[in-house]
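Observations on chain architecture
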Amino acid sequence: MCADRKKERSAEIRLVRDVAAKHSRREVPVARASTPIVKMAEAIEWYRHSRQLYVVDETGRLLGNITLARLVMYTFAHSQGANMAPRHVLDLITCETAADLMETGTLAAGMDDNLDDLLDRMVDRNLEEVPVLDDEGKVISDLTMIDLLRALS
């Protein structure tokens, strides 16, 4: 039965734009690269559907992301002491802006990406959400695994 359902889904090609359109009124969790880290907890709390912030330049182009886990690691670095490599401690304590704390190499989707392919990439990288970019690399939307579950079930 599961195989039949997957074949049925595969026969109908759905695109990221189909799901992103359903969430067009949802605010995208972005932070400017220059945003002070002390504002990150407030920013990540603002976007209830997301557990990360997409770091963008002044034009809105994606530079990287800050996950809730990374923000917690930074905020509570003092309590992680022996569990953290000295190099990571130094990196964390010298962070001042979102650009300093962000991780690069963020998996992103384009509006014309196939949903099934995106789902496979997200599962492979154990991701729960991704930004959606326009042709210029600007963050215009985001999709969560819950969005995909709803769309593909």
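Refer to the structure above for everything that follows.
Reading the values: rules and limits
Residues numbered from 1 in each chain as written. Predicted model: local features only at pLDDT ≥ 70, side-chain atom pairs only at ≥ 80, totals over all residues. Heavy atoms only, no water. Salt bridge = Lys/Arg side-chain N within 4 Å of Asp/Glu carboxyl O. Helix = DSSP H or I, 4+ residues; strand = E, 2+ residues; numbered from the N terminus. Buried < 20%, exposed > 50% of the residue type's maximum accessible area, 1.4 Å probe, protein only. Pairing = 2+ DSSP bridges. Axes fitted to C-alpha atoms, helices over the stretch in contact; angles between N-to-C directions. Parallel < 35°, antiparallel > 145°, perpendicular 65-115°, else oblique. Left-handed = near helix turned anticlockwise from the far one by under 90°. Contact = heavy atoms within 4.5 Å. Nonpolar A, V, L, I, M, F, W, Y, C, P; charged D, E, K, R; others polar.

Bringing the pattern of salt bridges into the picture now. Under the defined criterion, the tally for this structure stands at six salt bridges. A salt bridge links Arg 26 to Asp 147; the shortest N-O distance between them is 2.6 Å. Taken together, the residues span a long stretch of sequence, with Arg 26 in the loop between helix H2 (16–20) and strand S1 (30–32) and Asp 147 in helix H8 (residues 145–152) at a distance of 121 residues. One salt bridge in this structure joins Glu 45 and Arg 48, with 3.8 Å as the shortest N-O distance. What makes Glu 45 partly exposed here is its relative accessible area of 46%. Its relative accessible area of 62% is what places Arg 48 among the exposed residues. One connected set of salt bridges, linked through shared partners, spans Arg 26, Asp 142 and Asp 147.

Attention now goes to the sheet that holds strand S2 (residues 52–56). If you walk across this open sheet you meet the three strands as S1-S2-S3, and the pairing is mixed. Across the chains shown, the open sheet's two edge strands, defined by having one partner strand only, are S1 and strand S3 (62–67). Adjacent strand axes in the sheet meet at a mean angle of 35 degrees, parallel and antiparallel pairs treated alike. As judged from the five bridges shared by S2 and S3, these two strands associate in the antiparallel manner. Following the sheet pairing, Val 56 is matched in S3 by Leu 62.

This next bit is on the packing of helix H7 (residues 115–124) against H8. Relative orientation of the contacting elements H7 and H8 amounts to 140 degrees, with a least axis distance of 11 Å. Considered as vectors, H7 and H8 are oriented oblique to each other. When you trace H7 past H8, the crossing you get is left-handed. Here H7 contributes Leu 115, Asp 116, Leu 118, Leu 119, Met 122 and Val 123 to the contact with H8, which in turn contributes Met 145, Leu 148, Ala 151 and Leu 152. Classifying every residue of the contact of H7 with H8 by side-chain character gives nine nonpolar, no polar and one charged.

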